[in-house]
Amino acid sequence: MEVEPVPLGQLLQRSTETVRLALDAEYSEVTVRLNGNGAKLRRKVRGAEIASESRYLARAGQLILSRIDARHGAVALLPDSLDGAVVTNDFPLFDFNIARVIPEYLSLVIKAEEFVELCKRASKGSTNRVRIKEDLFLALTIPLPSLDEQRRIVAKVHEAMGALDRAATFHAQTVADFDRLLIALAHRDDLTDDQKRERGWRKLRLGDVMHLDLDPVKVDPSEDYPNLGIYSFAKGLFEKPPISGLATSAAVLNRVQSGQFIFSRLFAFEGSYGYVSADFDAFYVSGEYPTFTCNPNECRAEFVFAHFKPERIWQSLSAKSKGLGLRRQRVQPPAILAHEAWVPPMPEQERIAEVLTAQRRFTATDTFQRDADALRRSILSKAFRGEL
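It should be emphasised that the depicted structure is a prediction, and the values quoted were computed from it without experimental measurement.

**Here's the deal with the packing of helix α2 (residues 113–122) against helix α10 (residues 368–385)**
Part 1: One can describe the packing of α2 onto α10 by two numbers: an axis separation of 8 Å at closest approach and a directional angle of 70°. Accordingly, the angle class assigned to the pair α2 and α10 is roughly perpendicular. Across the interface between the two elements, E113, E114, F115 and L118 from α2 touch R377, S381, F384 and R385 from α10.
Part 2: Across the contact of α2 with α10, the residue classes break down as three nonpolar, one polar and four charged.

**Focus on the state of the cysteines**
Part 1: What the rule picks out here adds up to zero disulfides.
Part 2: Looking at C299, it has no disulfide partner, and the nearest cysteine sulfur is the one in C294, 3.1 Å off.
Part 3: Owing to a relative accessible area of 3%, C299 belongs among the buried residues under this scheme.

**Regarding the pattern of salt bridges**
Part 1: All told, the structure shown has 27 salt bridges when counted by the stated rule.
Part 2: R100 is the partner of E4 in a salt bridge, and the nearest nitrogen-oxygen pair spans 3.6 Å. Residue E4 is located in strand β1 (residues 4–7), and its partner R100 is located in the loop between β10 (93–96) and α1 (103–109); the two are separated by 96 residues in the primary sequence.
Part 3: A relative accessible area of 43% means that E4 is categorised as partly exposed.
Part 4: Residues D179 and K235 are paired through a salt bridge, measuring 2.9 Å at the closest nitrogen-oxygen approach. Residue D179 is found in helix α4 (residues 147–187), and its partner K235 is found in the loop between β17 (224–230) and β18 (237–244); the two are separated by 56 residues along the sequence.
Part 5: For D179, a relative accessible area of 11% translates into the label buried.
Part 6: Counted as one network, the salt bridges with shared partners bring together E29, R42, R43 and R55.

**Some words on the sheet that holds strand β15 (residues 210–212)**
Part 1: Judged by pairing direction, the sheet is antiparallel, and its four strands sit side by side in the order β15-β23-β20-β21 without closing on themselves. Lying at the two open borders of the sheet, with one neighbouring strand each, are β15 and β21 (273–275). Sheet twist, expressed as the mean angle between neighbouring strand axes with direction ignored, is 25°.
Part 2: Here β15 runs beside strand β23 (residues 291–294); their pairing, made up of three bridges, is antiparallel. In the strand pairing of β23, M210 is matched with C294.

**Some remarks on the sheet that holds strand β2 (residues 12–15)**
Part 1: Overall, antiparallel pairing links the four strands, which are arranged β2-β10-β7-β8 in an open sheet. In this open sheet, the two edge strands, each paired with only one partner strand, are β2 and β8 (75–77). Put simply, the sheet's adjacent strands are angled 30° from each other on average, direction ignored.
Part 2: Sheet topology places strand β7 (residues 63–65) next to β10; two bridges connect them, and they run antiparallel. Opposite L63, over in β10, you have F94 as the bridge partner.

**Remarks on α10**
Part 1: With 18 residues, α10 extends 26 Å from end C-alpha to end C-alpha; this agrees with the ideal 26 Å at 1.5 Å per step.
Part 2: Where α10 is concerned, the buried positions are A372, I379, L380, S381, A383 and F384.
Part 3: As for α10, its buried residues are in contact with α1, α2, β13 (141–144) and α4.

**Some remarks on the environment of P79**
Part 1: Among the structural elements, P79 can be located in the loop between β8 and β9 (86–87).
Part 2: Sequence separation between P79 and R59 is 20 residues; the distance between their C-alpha atoms is 8.6 Å.
Part 3: Not counting residues up to four positions away in its chain, the partners in contact with P79 are A39 and A60.

**A few points about the packing of aromatic side chains**
The description of two aromatic rings rests on the distance between their centres and on the angle between their planes.
Part 1: Here the structure, examined in full by the defined rule, presents 13 aromatic pairs.
Part 2: With 4.6 Å between their ring centres and 35° between their planes, Y231 and F238 make a pair best called tilted.
Part 3: Judged by relative accessible area, Y231 falls into the partly exposed class, the value being 41%.
Part 4: For F238, a relative accessible area of 27% corresponds to the partly exposed category.
Part 5: Grouping aromatic residues by their ring pairs yields a cluster made of F261, F263, Y273, F292 and F308.
Part 6: Taking the ring centre of Y56 as reference, the NZ or CZ of R14 above it sits at 5.0 Å.

**Digging into α4**
Part 1: With 41 residues, α4 extends 59 Å from end C-alpha to end C-alpha; this agrees with the ideal 60 Å at 1.5 Å per step.
Part 2: Backbone geometry just downstream of α4 places R188 in the positive-phi region, at approximately 40°.

**Some thoughts on the nonpolar core**
Within soluble globular proteins, side chains that are nonpolar generally end up buried alongside one another.
Part 1: L8, L12, L63, L106, F115 and F137 are the most contacted members of the largest nonpolar core, which totals 38 residues.
Part 2: Beyond its immediate stretch of four places on either side in the chain, L63 contacts L12, V75, A76, L77, P92, L93, F94, F96, L106, I110 and F137.
Part 3: Formed by 34 residues, the second largest nonpolar core is a distinct cluster that contains F292, C299, A301 and V331.

**Some remarks on unusual backbone geometry**
Part 1: Even without glycine at this site, N35 takes up a positive phi of about 60°.
Part 2: Within the element layout of this structure, N35 appears in the loop between β4 (26–32) and β5 (39–46).
Part 3: We classify N35 as exposed; its relative accessible area is 61%.
Part 4: Of note in the backbone geometry, A234 takes a positive phi value of approximately 55° without being a glycine.
Part 5: Tracing the backbone through its elements, the reader meets A234 in the loop between β17 and β18.
Part 6: Its relative accessible area of 0% is what places A234 among the buried residues.

The rules behind these values
- Residues numbered from 1 in each chain as written.
- Predicted model: local features only at pLDDT ≥ 70, side-chain atom pairs only at ≥ 80, totals over all residues.
- Heavy atoms only, no water.
- Axes fitted to C-alpha atoms, helices over the stretch in contact; angles between N-to-C directions.
- Helix = DSSP H or I, 4+ residues; strand = E, 2+ residues; numbered from the N terminus.
- Parallel < 35°, antiparallel > 145°, perpendicular 65-115°, else oblique.
- Contact = heavy atoms within 4.5 Å.
- Nonpolar A, V, L, I, M, F, W, Y, C, P; charged D, E, K, R; others polar.
- Disulfide = S-S within 2.5 Å.
- Buried < 20%, exposed > 50% of the residue type's maximum accessible area, 1.4 Å probe, protein only.
- Salt bridge = Lys/Arg side-chain N within 4 Å of Asp/Glu carboxyl O.
- Pairing = 2+ DSSP bridges.
- Expected span 1.5 Å × (residues − 1).
- Phe/Tyr/Trp six-rings, centres within 6.5 Å; stacked < 30°, edge-to-face > 60°.
- Lys NZ or Arg CZ within 6 Å of the ring centre and 35° of its normal.
- Core = buried A, V, L, I, M, F, W, Y, C linked by side-chain atoms within 4.5 Å.

Right, dumping it as structure tokens:
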């Protein structure tokens, strides 16, 4: 495939269409997102609130550029939803020379890392006032194939990106399926109470099968303490920066142990519950994170965590808690221990533990998003170089 180096000035023409602003009219303002993520509505504003008598008028399909953030990939095509929006001189607009370039093709090129690098080199100014000048932008040169080749490349990129989107959807469904399976196993909503009893389930207070188990450690100012947080919506634990013994105001921290159930008193209302796996053994938390140990012959913490995954469970606990407003309703350990649950026989709890382990391994080795992002960048780079 033959490509010709062509300056953008031969492909784009600056639009200078303006509109005189009416004080009582409402206008849409535009912002351009970084990293090739498109243009979007910034805000709706009355003409009286705009500090000028006129603005540039944006048309759907035009190319818009952020002078300040072009070096970070803030270049985009305007979608239909922003037709008629207004912009300042910091967001120059361009019409396409469709005799030379297909807008859809250029919309791919401007997302390539090579193009962003060109914008970065063309941007001038001090650290916080770097702007790309219009003449330098239009002087940027890109490899340009024929119109037929542009159409072929656009179709090929759309096909590849569509396949990646479908793979991303399938991947997200797989992650969600783990949670659905854990909830189904921990609650067995398909069974009646009598059927659960026949299968060996027992309706108990959690305090009958586990107990509050804190391991307080006096803070040493010379030490740093590995720290963890708990995701909302029962998504598990994550590592946080260590707690500095010198910087913390806490005199005592609690050391957690693998195999425990843990929750956040403050954020229990939005599902901040977790299971302490071996990865987080001997991490430290503040008193806001109570931990519980299960009686080994009656309960597994993996089951307790799975039991707390449905929103209806943590919402019911929060509703019983005291506080000023929903976001200040701390759930206290006695409320957890008083909570009634159907507890399955140990073999079924062990199956839940196996599923949770499989989910953790899947998440830990999950490189899908990173690989997909790298593949998208590679496809766009090949499109930029005319190698597809």
